[in-house]
Amino acid sequence: MGFLDALLGNASEVDKSEVAEELAPILADNEQIDRVYKLIRDMYVFTNKRLLLIDKQGVTGRKVEYHSIPYRAITQFKVETAGHFDMDAELRIWISGSAEPIKKELKKNTAVGIQRSLANWMFG
């Protein structure tokens, strides 16, 4: 992933081996990383057990929020684009027990990969 792409908001899929060591302490026994999408410092991590939304905050990125969502808790998701020529997309994920969806801004080309990964783990 190029630095310019990251600045423009283009998340891209990265090799899971690049983040395996960083994520090892928070993975459950027998949990394996399937796919990782990275946007500057934030990540969407699909494992064989859950979706991890990782938000690194602040200038140094030392403060990190890990949002762990078991696939069985995802009731639905939506990807919405503004138009044919608009490159932005919004991802919404509804979690059982929550009235409001989780909202994430993406680029349209990344939204397709994330949508496919969600569908594979929810319905596959």
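What you see is a predicted model; the values in this text were computed from it and never measured.

Right, let's get into the packing of aromatic side chains. Scanning all chains against the criterion turns up 2 aromatic pairs. Where Tyr37 meets Phe46, the ring centres are 6.2 Å apart and the plane angle is 85°; that geometry is what we call edge-to-face. Centre to centre, the rings of Tyr71 and Trp121 are 5.3 Å apart; their planes meet at 5°, and the pair counts as stacked. Linking Tyr71 in the loop between strand E5 (63-70) and strand E6 (74-81) with Trp121 in helix H3 (residues 108-123), this pair joins segments that are 50 residues apart in sequence. For Tyr71, a relative accessible area of 8% translates into the label buried. Judged by its relative accessible area of 28%, Trp121 falls in the partly exposed class.

Further remarks concern the sheet that holds E5. For sheets, the rule is that strands pair by backbone hydrogen bonds, running either parallel or antiparallel. Spatially, 5 strands are ordered E1-E2-E3-E4-E5 in an open sheet, and the strand pairing comes out antiparallel. This sheet does not close on itself; its edge strands, each paired only once, are strand E1 (12-14) and E5. Looking at each pair of strands side by side, their axes are set apart by 25° on average, direction ignored. Relative to E5, strand E4 (residues 50-57) is paired through 8 bridges, and the arrangement is antiparallel. Paired with Leu51 across the two strands is Ile69, which belongs to E5.

Our focus in this paragraph is the confidence of the model for the chain. Counting all residues, the mean pLDDT for the chain is 84, and 85% of those residues have values of 70 or more. A low-confidence stretch, residues 1-9 (pLDDT under 50), is modelled with 12 contacts involving residues beyond four sequence positions or located in other chains.

Inspection of the entire model under this criterion finds 4 salt bridges. A salt bridge links Glu22 to Lys56; its shortest N-O distance comes to 2.7 Å. Taken together, the residues Glu22 in helix H2 (residues 20-23) and Lys56 in strand E4 connect sequence positions 34 residues apart. The salt bridge involving Arg92 is made with Glu90; its shortest N-O contact spans 2.6 Å.

Calculation notes
- Every chain is numbered independently, its residues counted from 1 as its sequence is written.
- In keeping with the model being predicted, local features are shown solely for residues with a pLDDT of at least 70 and side-chain atom pairs are shown and tallied solely at 80 or more, while totals for entire chains, interfaces and linings include all residues.
- Only hydrogens and water are set aside; all other atoms, that is, all heavy atoms of the structure, feed into the side-chain values.
- Geometry of aromatic contacts follows a simple scheme: Phe, Tyr and Trp rings, the Trp one being its six-membered ring, pair when their centres are within 6.5 Å, and the pair is stacked under 30 degrees between planes, edge-to-face over 60, tilted otherwise.
- Think of it this way: any DSSP run of H or I at least four residues long counts as a helix, any run of E at least two long counts as a strand, and we number them from the N terminus.
- Burial status follows relative accessibility: with a 1.4 Å probe on protein chains alone, a residue under 20% of its type maximum counts as buried, one over 50% as exposed, and anything between as partly exposed.
- When DSSP locates at least two bridges between a pair of strands, those strands are taken to pair.
- Note on geometry: axes are C-alpha line fits, over the in-contact stretch for helices, and angles between N-to-C directions span 0 to 180 degrees.
- Summary of the metric used: pLDDT quantifies the predictor's per-residue confidence within the range 0 to 100.
- Any two residues whose heavy atoms approach within 4.5 Å at even a single point are treated as in contact.
- For this analysis, a salt bridge means a side-chain nitrogen from Lys or Arg found within 4 Å of a carboxyl oxygen belonging to Asp or Glu.

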